[in-house]
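The primary structure of each chain is shown beneath.
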Amino acid sequence: MEQQSREEKINPSLQRAFKFIILLGIVSLFSDMTYEGARSITGPFLAVLGANGAVVGFVAGLGELLGYGVRLISGYLSDRTGRYWPITILGYILNLLAVPFLVLAGNWQLAAILMITERVGRAIRTPARDAMLSHATSEVGRGWGFGLHEALDQIGAVTGPLIVALVLYLKGSYQTGFAILFIPAFLALTVLVVARFLYPTPRELEVTPAIPAARGLPRTFWLYLAAVAFIAAGYVDYPLIAFHLGKSSLVSSNWIPILYAIAMGADALAALIFGYLFDRIGIYVLAIAGLVSSLFAPLVFLGSFAMALVGMAIWGIGMGAQESVLRAAVANMISIDRRGTAYGVFNTGYGIFWFLGSALMGMLYDRSVGYVVAFSVVTQLLSVLLMLYVGKNASH
């Protein structure tokens, strides 16, 4: 009877936490459907408006740089003010409504401003949202909670570009595609408002013992960020993979988006599996993920079509582990009052090293594909060694 009474007390809070994760996951599903759908055609859309290749590259690079840099400020402000919901909602409004407004862009300059606004909006809302999400994951399991959120996120990431592809297949214009994406944008904002009213104070969902607040971020966090920096630097971005597959004629042009869809499907499944494993063996699961993902570069860049297919699935597995477990581990290291700041620092560091690694691998590719493979494999293996060291220190 006593055990049954305890379960009756625990289950309602578990259900509330689970529902909150699902709600934010649905928001992310519709959000990714919106901006990933748009990002699949913004390059050629800029070209139609008269932009050259240099402009397209500059706009994309500036958007990503601001998209990660602003997270540092946003995370700090969310902790400083405690206004996690307003910051999250503001970010989503900018992130999502910039997409349908592209319909009104009559020149590439205005389109570029809207594209950068979309990235900045995403940056504003991410640390505050992840901090709120971390409270609910303490109840259901950090890894499983973030993994479930990532899986829903990736469903949208696959669906959005497919919707836009269907619009273009039916002879619709780029503007038609952007207009249709207003529907998932509206649905995302609607579910977000519902979540805000149902869960005005997500901090109440936190059930794990509080980590004592510290003046700064703990040493373990910085070691962990160093390991993550190696992961980010050596993970080949898909545009370079797609460029290689097209240039080498290893696959037909029709297969390039299909390979990406396969990777995103593997991403969603891996997020759930690695999230589940994280709750059982902790940060060591990232070392396992690093060993597995170190295989993708040789398979994709040096193999046959079949090997490239397997390599892209492995690439997606690595991404799934990164998008779920990396965030879950941060929540376990940081006190409740500094998680927004920690997520801001984490995302900014990840973005900087991703950018630097991508730029370096692009230059290495022009010299030799083998250099890209070697750099990717070595950095992934270095991340494994550092992650094992972090796990050893975290367990003491």
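So, here's what we can say about the structure. (Residues numbered from 1 in each chain as written. Predicted model: local features only at pLDDT ≥ 70, side-chain atom pairs only at ≥ 80, totals over all residues. Heavy atoms only, no water.)

The subject of this paragraph is the overall build of the protein. Per the secondary structure count, the protein includes 16 helices and zero strands. Against the 2.2 N^0.38 benchmark of 21 Å for 396 residues, the protein shows a C-alpha radius of gyration of 21 Å, consistent with a compact globule. Dimensions along the principal axes, computed over C-alpha positions, put the protein at roughly 65 × 45 × 40 Å. The buried share among the 396 residues of the protein stands at 51%. Pairs at least 24 apart in sequence give 86% of the contacts found in the protein among residues at least 6 apart. Just so you have it, the protein exposes about 17,400 Å², and 70% of that area is on carbon and sulfur atoms. Positive and negative charge centroids in the protein, built from 25 and 20 side chains respectively, lie 5 Å apart. (Helix = DSSP H or I, 4+ residues; strand = E, 2+ residues; numbered from the N terminus. Rg over C-alpha atoms; globule rule 2.2 N^0.38 Å. Buried < 20%, exposed > 50% of the residue type's maximum accessible area, 1.4 Å probe, protein only. Contact = heavy atoms within 4.5 Å. Areas by Shrake-Rupley, 256 points an atom, 1.4 Å probe, with all protein chains shown as cover. Lys, Arg positive; Asp, Glu negative; His and termini not counted. Charge placed at Lys NZ, Arg CZ, Asp CG, Glu CD.)

So, on to the packing of helix H5 (residues 108-140) against helix H6 (residues 142-169). At a minimum axis separation of 7 Å, H5 and H6 run at an interaxial angle of 130°. Looking at the two axes, H5 sits oblique to H6. The two elements H5 and H6 meet at a crossing, and its hand is right-handed. Residue-level contacts link Arg129, Asp130, Leu133, Ser134, His135, Thr137, Ser138 and Val140 of H5 to Arg142, Trp144, Gly145, Phe146 and His149 of H6. (Axes fitted to C-alpha atoms, helices over the stretch in contact; angles between N-to-C directions. Parallel < 35°, antiparallel > 145°, perpendicular 65-115°, else oblique. Left-handed = near helix turned anticlockwise from the far one by under 90°.)

Moving on to the packing of aromatic side chains. Taken as a whole, this structure holds 13 aromatic pairs when the rule is applied. Aromatic pair Phe20 and Trp85: ring centres 6.3 Å apart, planes at 85°, arrangement edge-to-face. Of this pair, Phe20 sits in helix H1 (residues 2-39) while Trp85 sits in helix H4 (residues 84-97), placing them 65 residues apart in sequence. Measuring from ring centre to ring centre gives 5.0 Å for Phe20 and Tyr199, while their planes differ by 55°; the resulting arrangement is tilted. Separated by 179 residues along the polypeptide, Phe20 in helix H1 and Tyr199 in the loop between helix H8 (182-198) and helix H9 (219-234) bring together distant segments of the chain. We note that Phe20, like Tyr199, is buried. The aromatic ring of Phe197 is capped on one face by Arg196, whose charged end is 5.8 Å from the ring centroid. (Phe/Tyr/Trp six-rings, centres within 6.5 Å; stacked < 30°, edge-to-face > 60°. Lys NZ or Arg CZ within 6 Å of the ring centre and 35° of its normal.)

In this structure the tally under the stated criterion is seven salt bridges. Put simply, Glu36 and Arg39 hold a salt bridge, and the shortest N to O gap is 3.8 Å. Residue Glu36 and its partner Arg39 are located together in helix H1, separated by three residues, close to a single helical turn. Here the salt bridges do not stand alone but share partners, grouping Arg129, Asp130 and Arg327 into one network. (Salt bridge = Lys/Arg side-chain N within 4 Å of Asp/Glu carboxyl O.)

Let us look at the nonpolar core. One finds Phe221, Tyr224, Ile241, Phe301 and Trp315 to be the most contacted residues of the largest nonpolar core, which totals 113 residues. Every residue in contact with Ile241, bar those within four places of it in the chain, is listed here: Val236, Phe296, Val300, Phe301, Met312 and Trp315. (Core = buried A, V, L, I, M, F, W, Y, C linked by side-chain atoms within 4.5 Å.)

As a further point, take the side chain of Gln380. Tracing the backbone shows Gln380 in helix H16 (residues 369-394). Judged by its relative accessible area of 1%, Gln380 is buried. Discounting residues that sit within four places of it in the chain, Gln380 has contacts with Phe230, Ile231, Gly234, Tyr235, Gly290, Ser293 and Ser294.

Before going further, it helps to examine unusual backbone geometry. Excluding glycine, a negative phi dihedral is what most residues carry, and trans is how most peptide bonds are arranged. Of note, the phi angle at Lys171 is positive, near 75°, even though the residue is not glycine. By secondary structure assignment, the location of Lys171 is in the loop between H6 and helix H7 (174-180).

Another aspect to go through is the side chain of Gln322. Position of Gln322 relative to the elements: it lies in helix H14 (residues 305-333). Judged by its relative accessible area of 6%, Gln322 falls in the buried class. Side chain to side chain, Gln322 and Tyr350 meet in a polar contact 2.4 Å long. (Polar contact = N/O pair within 3.5 Å; in protein donor to acceptor, adjacent residues only side chain to side chain.)

The next subject is the environment of Tyr371. Examined against the element boundaries, Tyr371 turns out to sit in helix H16. Sequence spacing of Tyr371 and Tyr199 is 172 residues, and the spatial spacing of their C-alpha atoms is 50 Å.

Geometry only, nothing functional implied.
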